[in-house]
Every structure is written in structure tokens, then in C-alpha cells.
Amino acid sequence: MLNDSFINKIILVAGASGGIGSSVVSRLSGSDSNLIAVYNKNHPDFQTDNNISLIKADLTKAVEWDRLLHFTSQKFGKLDVLINCTGVLIPGDFLNQTEEQINEMININFSSTIIGTQKTLQLMKEQGFGHIINIGSIGGIIPMPYSTVYSATKFALRGFTHSLAQELKNSKIYLSLLSPGP
């Protein structure tokens, strides 16, 4: 049984093609909510229901967030919840990681969430309500060897979420950070 707070809501799930994002969409599919499931490279393998809009987008780009939020506003007239599940872990010895690997983790794990949160926050401020849920990691609390850059991005996400939550504490826009383990 789903919590009543997810009934009849418009929920955007960023990073819906794998891991936690895919599980979130699967759990909410068939509910009374409308889902916008966003993926980039890998087409999701979950069963799509009538309440799921599946959209391909590179969320490291602001213009893609604009397109996505425009679609959401036009189709549903509001956005109740954004769940930022984007993330990638490229494990290995830090000295052997390439600049491309480092930038990929920073851009997907942190920059895309900042860009998306800023764009979504503009929409939520206009409508006067909303909830942004960022998916962090236990790696953002406890250092993880051989996952140095990943941990750094999740530490940054943790600080970002807590700081922004303080900025918004007198509004009807809420921020949450979930930090699951393996």
C-alpha cells in the first residue's frame, strides 16, 4: 500500500532507467499518480502503465530540463514531486580514473541535480508548492575507498540539499535527501 502523500500526484522521476529510479517507477506504476519517467542512455525495462510518460533526456543540460518541465506543465498543469535518482558509480583507484570518468560522475551525480532542482524550483515557486527528493548515498556520509569521486559528489549533494532546505524552510516547497546503502 502506498502512502497517501503519493496519491493523485504528478511525479517526475529523473534517472528512471536503472537502480533506484527504476524501482521507484515500478513501485508507483499502477497508482493514482501520473509519472514522468526520464531516462538517458538505457531504455527502462519496467512495465509501462497508462499513468507513465516515458521521456528520453540528457539531464546534464539545462535546455533538456526546460523541455521536460514544459512538457509536464503543458500536460498536467503542475508538478507535485521531483525525485532526482540520477547517478553513476565508476569504481576504481582514484589515480587511475580518467578525466572523462571524473567529469561523468560529477555531471550526472551532482550538476544535473543542481540544474534540475533550480529549474524545478522555479516552477514550484510559481505554483506555490512542491517536494524535491534527492537520492544521495551512504557514500555521501561515510567515505568509500575506490569510489572517491562518487563519494565526493554525494557529499556535495548532501550539503546542497540541506542548505537549500534551509533557504526554503518558510515556503511550501520541501526538500528531502535519502541516503541508501548498497
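Quick note: structure is the one above.
Here the structure is a predicted model, which is why all the values come from computation and not from measurement.

### Observations concerning the sheet that holds strand β1 (residues 10-14)
Taking strand neighbours across the sheet as the criterion, the six strands line up as β3-β2-β1-β4-β5-β6 in an open arrangement whose pairing is parallel. Both edges of this open sheet fall to β3 (52-56) and β6 (173-178), since each of them pairs with a single strand only. Averaged over all pairs of adjacent strands, the angle between their axes in this sheet comes to 15 degrees, without regard to strand direction. The pairing of strand β4 (residues 81-84) with strand β5 (residues 130-135) spans four bridges and is parallel. The residue bridging Val81 from the neighbouring strand is His131, located in β5. Docked against the sheet, helix α2 (residues 62-76) engages β1, β2 (34-39), β3 and β4, running at close to 160 degrees with respect to β3. Along the sheet, helix α4 (residues 148-167) makes contact with β5 and β6, crossing β6 at roughly 155 degrees.

### As for helix α1 (residues 19-28)
Residues Gly21, Ser22, Val24, Val25 and Leu28 constitute the buried set of α1. Looking down the long axis of α1, one finds its buried residues gathered within 160 degrees of arc, a one-sided arrangement. Looking at the buried side of α1, the elements it contacts are β1, β2, β3 and β4. Looking one or two residues past α1, Gly30 carries a phi angle of roughly 80 degrees, positive in sign.

Conventions and cut-offs
Residues numbered from 1 in each chain as written. Predicted model: local features only at pLDDT ≥ 70, side-chain atom pairs only at ≥ 80, totals over all residues. Heavy atoms only, no water. Pairing = 2+ DSSP bridges. Helix = DSSP H or I, 4+ residues; strand = E, 2+ residues; numbered from the N terminus. Axes fitted to C-alpha atoms, helices over the stretch in contact; angles between N-to-C directions. Contact = heavy atoms within 4.5 Å. Buried < 20%, exposed > 50% of the residue type's maximum accessible area, 1.4 Å probe, protein only. Arc of directions from axis to C-beta.

Everything listed here is a matter of coordinates, which is why it stays silent on function.
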